Amino acid sequence: METPAPRSRTILLTGASGYVGGRLLRTLTDRGETVRCLSRRPELLAARVPAGVEVVAGDVLDPPSIANALVGVDTVYYLVHSMGSSRPFDEADRTAATEFADAAARAGVRKVIYLGGLGKGELSPHLSSRQEVGRILRDSTVPTIELRASIVIGSGSASFEMIRALVDRLPFMICPRWVKTYAQPIAIEDVIAYLVACLDRDITTSELYEIGGADATTYLDLMKEYARQRGLRRVMVPVPVLTPHLSSLWLGLVTPVYAGIGRKLVDSLRNETIVTNTAALDTFDIVPRNTREAIERALINEDREFAETRWSDEAFSETQPYGGTRRGSRLVDSRHIDVAVPPAAAFTPIRTIGGRNGWYAGNFLWQFRGALDVLVGGPGLRRGRRDPANARVGDTIDFWRVEAVTPNALLRLQAEMKVPGRAWLQFEVAPTATGSTITQTAIFDPSGLFGLAYWYTLWPIHTLIFGGMLRAIARRATSVSSR
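Model, not experiment: these values are computed from the prediction. Residue positions are given per chain, counted from 1 along the sequence in the order it is written. Per-residue local features of the predicted model are confined to residues with pLDDT of at least 70, and side-chain atom pairs are confined, for both listing and counting, to 80 or more; whole-chain, interface and lining totals are unaffected and use all residues. Excluded from the side-chain calculations are hydrogens and water; all other atoms, namely the structure's heavy atoms, are used.

A. Up close: helix α14 (residues 363–375). Its 13 residues give α14 an end-to-end C-alpha distance of 19 Å, which sits within 8% of 18 Å, the value for a rise of 1.5 Å per residue. Within α14, the full set of buried residues consists of Trp366, Arg369, Gly370 and Asp373. The arc enclosing the buried residues of α14, seen along the axis, measures out at 100°, which places them on a common side. α14 presents Phe364, Gln367, Phe368 and Leu375 as exposed residues on the side facing more than 90 degrees away from its buried surface. Just downstream of α14 lies glycine 377, where phi reads positive at about 95°. Going along the chain from the N terminus, every DSSP run of H or I of four or more residues is numbered as a helix, and every run of E of two or more is numbered as a strand. Helix span, as expected, comes to 1.5 Å for every residue beyond the first. Each residue is assigned to one of three classes by its accessible area relative to the maximum for its type, calculated with a 1.4 Å probe on protein chains only: buried under 20%, partly exposed between the two thresholds, exposed over 50%. For this quantity, the arc is that covered by the directions from the helix axis to the C-beta atoms.

Here's what the structure looks like:
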C-alpha cells in the first residue's frame, strides 16, 4: 500500500523520548512529515532525533510552554503520562490533560491523537487515569482520536522486558494470580501503524477505538510462548498469595522494572485488557499480528543496539546507582568526559586500544582476567590485534571482537571471553563547541541469577577500571593533539 503524501502540516509529538514516541518519530520523519517535539530536556532529546526535527522546551504541566509549542501546529500526538512524577500521577495526568486540551483549542489545533489503555470495570489507578485522560481530551472542543491498547510487545517495551527478564532468569517461578489474567497483546509495529493511520483520518468529532493483536492470551501463556521461542524449559506455578506490593518488589529484583513503577504496572495486570469493540478492524486497513508473531518480531529486533528505543530512555533518575543503570534487560555502566581536542584526536587512543597498547588502566587486572579466561576455555588476551593502528568490523582485539566502527565517532566491541551472559564495550566521540565528548559504555546482558551476581559483585572493580580507562583515554587524546 502506498504511503499517502503528507499534507502541509506541523505535527507536535509529546513523549518522543518514550518507547512508543521514539518509534513513531522515526516513522513520521520517514514519511516526510514536519515534526516538532516537546521535551522537558530538549538538550538531551535533540541529539537523538532525525535531522530536520524541531525540539522545543516545555512541560505539559507548564501552560506557557504548551502555548509556545502549539504555535502553527495542525495535529498533536499526546503520548505522555506521569508515572515517574513526584506528585500523585493521576492528579498530574488530569491537570496536564485539561491544560493541554484548553491550549490546543486556543491554538486552533485540528486534531489530537492519544494512546491510552484497555480495561473495563473496577480499574487499577494506572488504567483509570489513562482512560480519564482520554475522556478529557475527547470531551474538549478539539476532535480527538483515542486508541486504547493492551500490553505492547516489542523489543524494548516495558511489558516485553518484564516477561523476558522473568523467563530468562528464573527456571522456576512461583507466579502471582495475575498471570492468569487475559490480555490482548499488540505488536509495537501495529501500534505505530494505527497511530499513523489516525493521522490520515479526517474527523470532525472525537472517536474511540480499541486495538489489540489477533488473539487474547493469559500472561502465563505469554511467558510460556516466550520460553518456547527461546528454547527454555521453565516451571511456572501460579499461587494466590502474592499481593501486588510483594509482586512489585519481586519484579524490581529480577526485572528491569523499578519497584515503584512495577507496582503500578502490577496493579494494572489484574484487569483484563481485551478488545470488546472491533470497530478499529473495520475502520483501518491494518491486520494485527498474533502473539507468536509479535514475540518473534521482538526477538528479531532485540539486539539492534538495545532495540530502536527503550522504555527506560525516559530516565527517572539523573544519578547512576550501584551496578549502573538498567536499559531493558541489560545493565549499563556509562560515563563521559570532555576533552579540548577535535574528534579525530579524541578517537585515536580508542581505535588503537588493546593488543600491545594495552587497556590504559589496570593492565595487570586485564592480564589476570585474560589468564582466568584461558583456564575456562576462552581466548584470553592471546589474540592481540590484527592492526595496531586501525580496527575494522570483524577484527579481534584480545578477547573482544569489533562489532561496529565509524571513523572518529564509534567503536563497539562484543566480548568473546567466558562470561555468564553477553557483554559489549562501546566508545563514542561527539564534537562539541570546545572540542569533543568521549562516552564510554559497558553493557552486560546477564544470563540467569549467576549473571546478575557476576555483574554486581564486580561492580567496584569495573568502576575502578572503566573510570581509569576513560581518564587515560582523555590524557592520551590531549597528548596526541599537542604533538
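B. How the structure looks around the nonpolar core. In these notes, a set of buried Ala, Val, Leu, Ile, Met, Phe, Trp, Tyr and Cys residues joined through side-chain atoms within 4.5 Å is what counts as a nonpolar core. Formed by 41 residues in total, the largest nonpolar core has its most connected members in Trp359, Trp400, Leu411 and Met469. Counting residues per element, the ones that place at least two in this core are β15 (330–339), α13 (343–351), β17 (400–406), β18 (410–415), β19 (421–432), β20 (435–446) and α15 (448–482). Per-element accounting of this core gives the leading share, 12 residues, to α15. Here, residues are in contact when the closest pair of their heavy atoms is within 4.5 Å. Not counting residues within four places of it along the chain, the set of residues in contact with tryptophan 400 comprises Trp359, Trp366, Arg383, Asp395, Leu413, Gln414, Ala415, Glu416, Met417, Ala423, Trp424 and Leu425.

C. Local environment of the packing of helix α1 (residues 19–30) against helix α7 (residues 188–199). In this analysis, axes come from line fits to C-alpha atoms, helices being fitted only over the stretch in contact, and the angle between any two N-to-C directions falls in the range 0 to 180 degrees. Two elements in contact, α1 and α7, have axes separated by 10 Å at closest approach and are oriented at 60°. As judged from the angle between their axes, α1 and α7 are oblique. In this structure, α1 crosses over α7, and the sense of that crossing is right-handed. Contacts between α1 and α7 involve Tyr19, Val20, Arg23, Leu24, Thr27 and Leu28 on the former and, on the latter, Ile188, Val191, Ile192, Leu195, Val196 and Leu199. Any angle that is under 35 degrees is reported as roughly parallel, and any over 145 degrees as roughly antiparallel; angles of 65 to 115 degrees are reported as roughly perpendicular and all others as oblique. Handedness of a helix crossing follows the sense of rotation of the near helix relative to the far helix, less than a right angle counterclockwise being left-handed and clockwise being right-handed.

D. Region of interest: helix α5 (residues 125–138). Taking 1.5 Å per residue as the helical rise, α5 with its 14 residues ought to reach 20 Å, and the 20 Å between its terminal C-alpha atoms agrees with that figure. The set of residues buried in α5 consists of His126, Leu127, Ser129, Arg130, Gln131, Val133, Gly134, Ile136 and Leu137.

E. Representation of a nonpolar patch on the surface within the structure. Patch membership requires over 30% relative accessible area and the absence of a salt bridge. Like charges are linked within 9 Å, and nonpolar side chains (Val, Leu, Ile, Met, Phe, Trp, Tyr) within 5 Å. Methods summary: accessible areas were calculated by the Shrake-Rupley approach with a probe of 1.4 Å, and residue burial reflects only the protein chains presented. Note on definitions: salt bridges are taken to be side-chain nitrogens of Lys or Arg within 4 Å of carboxyl oxygens of Asp or Glu. On the surface, Phe172, Ile174, Val235 and Val237 cluster together into a nonpolar patch covering about 340 Å² of accessible area. Elements that contribute at least two residues to the nonpolar patch include exactly β8 (172–175) and β13 (235–238). Here valine 235 lies in strand β13. Residue classification places valine 235 among the partly exposed positions, given a relative accessible area of 45%.

F. Examining the sheet that holds strand β3 (residues 54–57) more closely. Ordered by their spatial adjacency, seven strands build an open sheet running β3-β2-β1-β4-β5-β6-β11, and the pairing between neighbours is parallel. Only two strands of the sheet have a single neighbouring strand rather than two, namely β3 and β11 (207–211). Within the sheet, the average angular offset between the axes of one strand and its neighbour, ignoring direction, is 20°. Pairing between strands is defined by DSSP: at least two bridges between the two strands are required.

G. How the structure looks around the pattern of salt bridges. Counted under the stated rule, the structure contains 24 salt bridges. Its salt-bridge partner being arginine 110, residue aspartate 74 comes within 3.1 Å of it at the nearest N-O pair. Here the residue aspartate 74 occupies a position in the loop between α3 (63–69) and β4 (75–78), and arginine 110 occupies one in the loop between α4 (89–107) and β5 (111–117), the gap between them amounting to 36 residues. Classification of aspartate 74 by relative accessible area gives buried; the value is 16%.

H. Molecular detail of the packing of α4 against α5. Here α4 crosses α5 at 10°, and the two axes come no closer than 9 Å. Between α4 and α5, the interaxial angle falls into the category roughly parallel. The residues of α5 that touch α4, namely those facing Phe89, Asp90, Asp93, Arg94, Ala97, Thr98 and Ala101, are Pro125, His126, Ser129, Glu132, Val133, Ile136 and Leu137. Classifying every residue of the contact of α4 with α5 gives seven nonpolar, three polar and four charged. Ten residues, namely Ala, Val, Leu, Ile, Met, Phe, Trp, Tyr, Cys and Pro, are considered nonpolar, four, namely Asp, Glu, Lys and Arg, are considered charged, and the remaining ones, Gly among them, are considered polar.

I. Seen up close, the confidence of the model for the protein. Scored from 0 to 100, pLDDT reflects the predictor's confidence in each residue. Chain-level pLDDT for the protein is 85 on average; 86% of the residues reach the 70-or-more range. Contacts of residues 305–318 to residues separated by more than four positions or lying in other chains number 45 contacts, the stretch itself having pLDDT below 50.

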